[in-house]
Amino acid sequence: MKLHDWIYEIVTEVCYDRDYLYACYVRHFSGLMDDVFAKGACSQSGEYKIIGMKSNKDANIQWRLERRLGWMGSNVITLNCKFDSLDIKNTELTAEFDLSTGTSLE
C-alpha cells in the first residue's frame with residue numbers, strides 16, 4: 001500500500017458526500033503533506049484533522065518523522081489515525097511509510 005492509498009481510505013471513511021470525495025481527498029492529502037513538509041523542518045511530529053462531510057465522523061491523524069526533514073536521505077513517517085464518532089467505537093489505524101517514495105514499510 002502507498003501513502004496516498006492509505007489517506008484515501010481514511011477520507012472515504014469520513015466523507016459520505018460521494019460528489020465531493022475526490023476533491024476532499026486531494027484537499028486533505030495536500031494539506032497533510034504541506035503540514036509535514038512545513039513543520040517537519042523544525043519538528044518531528046504534528047497533527048492533522050479531517051472533518052467528515054455529511055457524516056458523523058472525524059479523523060485525527062498524528063504524524064511522526066524518524067528525524068527532522070533535512071532533505072538528506074530517506075525518512076520514515078509514522079501515521080496514527082483515530083476516528084471520532086458517536087456511531088462507531090474508537091477505531092485506530094497505524095502505518096509507516098518511506099516519505100521519499102510513499103511505500104509502506106509494514
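Refer to the structure above for everything that follows.
Residues numbered from 1 in each chain as written. Predicted model: local features only at pLDDT ≥ 70, side-chain atom pairs only at ≥ 80, totals over all residues. Heavy atoms only, no water.

Asks: Quick question: what am I supposed to make of a nonpolar patch on the surface here?
Replies: A surface patch of nonpolar side chains, about 300 Å² in accessible area, is lined by Tyr8, Tyr22 and Val26. Relative to the elements of secondary structure, valine 26 occurs in helix H2 (residues 21–39). (Patch = residues over 30% accessible without salt bridge, like charges linked within 9 Å, V, L, I, M, F, W, Y side chains within 5 Å. Areas by Shrake-Rupley, 256 points an atom, 1.4 Å probe, with all protein chains shown as cover. Salt bridge = Lys/Arg side-chain N within 4 Å of Asp/Glu carboxyl O. Helix = DSSP H or I, 4+ residues; strand = E, 2+ residues; numbered from the N terminus.)

Asks: Would you mind going over the environment of threonine 103 with me for this structure?
Replies: Within the secondary structure, threonine 103 is located in the segment after strand S4 (92–98). Through-space distance from the C-alpha of threonine 103 to that of lysine 57 is 27 Å; in sequence the pair is 46 residues apart. The residues touching threonine 103, leaving out its near neighbours within four places in the chain, are Met1, Lys2, Glu96, Phe97 and Asp98. A distance of 3.4 Å separates a polar atom in the side chain of threonine 103 from a polar atom in the side chain of lysine 2. (Contact = heavy atoms within 4.5 Å. Polar contact = N/O pair within 3.5 Å; in protein donor to acceptor, adjacent residues only side chain to side chain.)

Asks: How should I be thinking about the pairing of strand S3 (residues 76–85) in this particular structure?
Replies: Successive side chains on a regular strand alternate, one facing one side of the sheet and the next facing the other. When you tally the buried positions in S3, you get 8 out of 10 residues, the bulk of the element. Relative to S3, strand S2 (residues 57–65) runs antiparallel, the two being bridged by 9 bridges. The residue of S3 that forms the bridge with asparagine 60 is lysine 82. Looking at chain direction, S3 and S4 are connected through 7 bridges and run antiparallel. What sits directly across from cysteine 81, in S4, is leucine 93. (Buried < 20%, exposed > 50% of the residue type's maximum accessible area, 1.4 Å probe, protein only. Pairing = 2+ DSSP bridges.)

Asks: Please explain the packing of helix H1 (residues 3–14) against H2 as it appears in this structure.
Replies: The axes of two packed helices give the description: the angle between them and the distance between them. Axis separation between H1 and H2 bottoms out at 10 Å; the angle between their running directions is 125°. Considering their axes alone, H1 and H2 lie oblique with respect to each other. Between H1 and H2 the crossing geometry is right-handed. The residues of H2 that touch H1, namely those facing Leu3, His4, Ile7, Tyr8, Val11 and Thr12, are Leu21, Cys24, Tyr25, His28, Phe29, Leu32 and Met33. Grouping the constituent residues of the contact of H1 with H2 by class yields 10 nonpolar, 3 polar and no charged. (Axes fitted to C-alpha atoms, helices over the stretch in contact; angles between N-to-C directions. Parallel < 35°, antiparallel > 145°, perpendicular 65-115°, else oblique. Left-handed = near helix turned anticlockwise from the far one by under 90°. Nonpolar A, V, L, I, M, F, W, Y, C, P; charged D, E, K, R; others polar.)

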